Amino acid sequence: MAHVLIAGGSLGGLMCANLLARAGHQVSVFEKAASALDGRGAGIVTHSALIQGLYRCGMPVGTELGVSVPSRITLGQQGDVLGELNMPQVLTSWSRLYQILHGLLHEAPRATLHRGVVVYGFTETGTGVNLQTSTGDSTGDLLIGCDGLRSSIRRQLWPASSPVYAGYVAWRGVCPESLLSHECLNTVFERFGFCLPAGEQLIGYPVAGPGNQCAAGQRAWNFVWYRAAATGRQLETLLTDDNGQHHPEGIAPHKVSRQQVERMRNDARNLLAPVFAEIVEKTLEPFLQPISDLATPQMVQGRVALLGDAAYVARPHVGMGVTKAMQDALALEAAFSEHGATSAALVAYSEARTSINRQLVDRGRHLGAYMQSSALEGSTLPPRAAAKVMSETAIDLDFPAATMV
Ligand SMILES: Cc1cc2nc3c(=O)[nH]c(=O)nc-3n(C[C@H](O)[C@H](O)[C@H](O)COP(=O)(O)OP(=O)(O)OC[C@H]3O[C@@H](n4cnc5c(N)ncnc54)[C@H](O)[C@@H]3O)c2cc1C
């Protein structure tokens with residue numbers, strides 16, 4: 001049995017901790033957020049690999065994950081139907097997954113979650129790793145960096161490797177079902193919806209409502225609207241709050257400028273199908289995230305490995321952020337079971353995951369290229385047809401079982 005240190009206790013960290021603890025290892029997770037992350041975040045598309053991984057983490061069979069949709073639909077600006085596609089999927093929410101994984105870790109043997117602890121860095125010793133944190137040092141056999149896009153572990157290993165802004169942002173929000181009109185409920189609510197203004201893309205789908213309620217009337221609709229924002233003044237304005245403070249590494253949902261929200265809602269009325277404009281209008285607190293790519297040069301060095309968003313971030317069009325973290329965690333568990341909790345296991349893990357993760361990052365770049373601000377300034381990238389976008393976005397790459405209707 002080894003002692004595995006895990007930096008970051010979001011979904012990737014919790015997946016890794018659950019799998020390794022259930023495999024008999026001692027795990028210590030260090031998460032900088034002081035309170036439970038539950039309640040934050042929005043919708044997540046599930047894939048078969050994610051569900052299988054959750055079972056392996058101990059989730060009981062039959063656990064309700066979220067809301068099922070039978071199909072996809074694209075609406076034009078006037079609300080006309082531009083295309084439909086049969087594609088059954090289960091849509092969950094970040095908060096539901098966090099609740100499940102957090103509950104499972106609580107029951108797991110030899111697992112400790114240290115909240116409100118910031119990881120500063122690490123030192124490899126001859127026989128292990130010493131982790132420096134805001135509450136003192138901890139020693140373990142191996143360290144797994146699950147500390148996300150701005151990973152401090154990655155920064156120490158490969159200082160030159162950092163996220164690259166893609167040239168567009170995602171406006172996001174969750175609108176309660178109870179606020180929506182009959183027209184909206186009947187047309188898009190129970191489907192995976194798309195709207196494709198020139199050089200932009202809105203997608204959305206139903207998710208569990210507050211308290212993870214999945215019953216009709218208590219659900220919500222999660223939307224993501226990708227919009228170009230050139231580096232410089234345009235992006236800076238979006239990331240500046242109403243007090244004039246600029247947040248270059250991402251603006252917290254409650255700090256997003258009201259003026260920018262109003263501008264975005266106004267654009268929604270002009271550019272989106274009326275039912276989507278209604279959803280955007282009725283969403284109380286829309287928020288905003290710059291879209292970035294990240295591909296680390298290596299996933300592993302010595303006794304330290306990266307997992308999830310700390311290693312690779314594929315744009316959300318692939319719909320794989322959470323599933324990718326689960327696949328990393330499953331590969332790590334498999335490598336430990338074959339090689340023991342050793343540096344050799346980390347090398348095997350990296351061999352299993354590096355190439356596929358790079359392919360996912362490339363796929364995300366390809367799917368999003370036509371929305372980049374640079375593309376809108378004169379390149380020849382063609383707009384994408386509804387059928388193509390629906391059949392490529394957030395699909396289960398293991399089971400692309402979609403049929404046109
Ligand atoms: C609050 C939140 C909400 C999200 N909502 C969505 C969503 O709605 N839809 C979606 O597709 N994706 C969402 N994501 C991203 C999604 O969770 C990730 O793509 C996926 O789960 C892989 O996550 P990760 O665990 O690798 O990285 P992340 O989810 O980014 O987690 C990294 C964790 O490390 C912690 N951390 C960072 N630095 C340190 C440090 N120095 N010391 C200690 N801890 C540190 C962070 O606080 C965070 O909890 C969200 C992430 C977060 C944190």
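Just so it is clear, the model here is predicted, and its values are computed rather than measured.

Procedures and definitions
Residues numbered from 1 in each chain as written. Predicted model: local features only at pLDDT ≥ 70, side-chain atom pairs only at ≥ 80, totals over all residues. Heavy atoms only, no water. Core = buried A, V, L, I, M, F, W, Y, C linked by side-chain atoms within 4.5 Å. Buried < 20%, exposed > 50% of the residue type's maximum accessible area, 1.4 Å probe, protein only. Contact = heavy atoms within 4.5 Å. 1 Å grid on protein atoms, 1.4 Å probe; cavity = no way out; pocket = protein on both sides within 12 Å on 5 of 7 lines; lining within 4 Å. Points joined across faces, edges and corners; volume = space filled by probe spheres on them. Nonpolar A, V, L, I, M, F, W, Y, C, P; charged D, E, K, R; others polar. Helix = DSSP H or I, 4+ residues; strand = E, 2+ residues; numbered from the N terminus. Salt bridge = Lys/Arg side-chain N within 4 Å of Asp/Glu carboxyl O. Phe/Tyr/Trp six-rings, centres within 6.5 Å; stacked < 30°, edge-to-face > 60°. Near = heavy atom within 4 Å. Polar contact = N/O pair within 3.5 Å; in protein donor to acceptor, adjacent residues only side chain to side chain. Areas by Shrake-Rupley, 256 points an atom, 1.4 Å probe, with all protein chains shown as cover.

Participant: Looking at this structure, I do not really get the nonpolar core. What am I missing?
Facilitator: The tendency in soluble globular proteins is for nonpolar side chains to be buried side by side. Ranked by size, the top nonpolar core spans 68 residues in total, and within it Ile 144 and Ile 153 carry the most contacts. Residues within four places of Ile 144 in sequence aside, it is in contact with Val 4, Leu 5, Ile 6, Ala 7, Cys 16, Ala 305, Leu 307, Leu 332 and Leu 346.

Participant: Any chance you could explain empty space enclosed by the protein here in plain terms?
Facilitator: Unoccupied space between atoms shows up once a probe the size of one water molecule is rolled over them. Taken as a whole, this structure holds one cavity of 30 Å³ or more when the rule is applied. Roughly 40 Å³ of internal volume is contained in the largest cavity. Around the largest cavity sit Gln 201, His 317, Leu 367, Arg 384, Val 389, Glu 392 and Thr 393, which together line it. Looking at the lining of the largest cavity, its residues break down into two nonpolar, three polar and two charged.

Participant: Would you mind showing me how to read the layout of surface pockets here?
Facilitator: Here the second largest pocket defines a volume of roughly 190 Å³. Taken together, Val 169, Trp 171, Arg 227, Ala 228, Ala 229, Gln 234, Thr 237, Leu 238, Gln 260, Arg 263, Met 264 and Asp 267 make up the lining of the second largest pocket. Listing elements by their share of the lining of the second largest pocket, those giving two or more residues are strand S11 (164-176), strand S14 (220-228), helix H6 (233-238) and helix H7 (258-271). Examining the composition of the lining of the second largest pocket, we find that four residues originate from one element, H7, more than from any other.

Participant: I keep staring at the pattern of salt bridges and nothing clicks. Help me out?
Facilitator: It is possible for side chains of opposite charge to pair when their charged atoms get near one another. According to the stated counting rule, one finds 15 salt bridges in the structure shown. Residues Arg 191 and Glu 84 are paired through a salt bridge, measuring 2.6 Å at the closest nitrogen-oxygen approach. In this pair, Arg 191 sits in the loop between helix H5 (182-189) and strand S12 (192-195) while Glu 84 sits in strand S5 (residues 81-93), placing the two residues 107 residues apart along the sequence. Note on Arg 191: relative accessible area 18%, which makes it buried.

Participant: Explain the packing of aromatic side chains here, please?
Facilitator: For any pair of aromatic rings, the description consists of the separation of the ring centres together with the inter-plane angle of the planes. Under the counting rule described, the total for this entry stands at five aromatic pairs. Centre to centre, the rings of Tyr 168 and Tyr 226 are 6.0 Å apart; their planes meet at 80°, and the pair counts as edge-to-face. Here Tyr 226 lies in strand S14 and Tyr 168 lies in strand S11, a separation of 58 residues in the sequence. Pairing Phe 192 with Tyr 205 gives two aromatic rings, centres 5.1 Å apart and planes at 50°, and the pair type is tilted. Of this pair, Phe 192 sits in strand S12 while Tyr 205 sits in strand S13 (residues 201-207), and the two are 13 residues apart along the sequence. On the basis of relative accessible area, Phe 192 is assigned to the buried category, the value being 0%.

Participant: It is not clear to me how the site of the ligand should be interpreted in this structure. Could you clarify?
Facilitator: The ligand sits among 27 residues. The nearest are Ser 10, Glu 31, Ala 42, Trp 94 and Arg 172. Within the backbone of Gly 12, one N or O atom sits 2.8 Å away from an oxygen atom of the ligand. At 2.5 Å, a backbone N or O of Ala 42 approaches an oxygen atom of the ligand. Contact with the protein chains covers 83% of the free accessible surface of the ligand, which is 910 Å². Of all the secondary structure elements, the ones that give two or more residues to the shell around the ligand are helix H1 (11-22), strand S2 (26-31), strand S3 (43-45) and helix H9 (321-339). Take the shell around the ligand: its biggest share by element is three residues, from H9.

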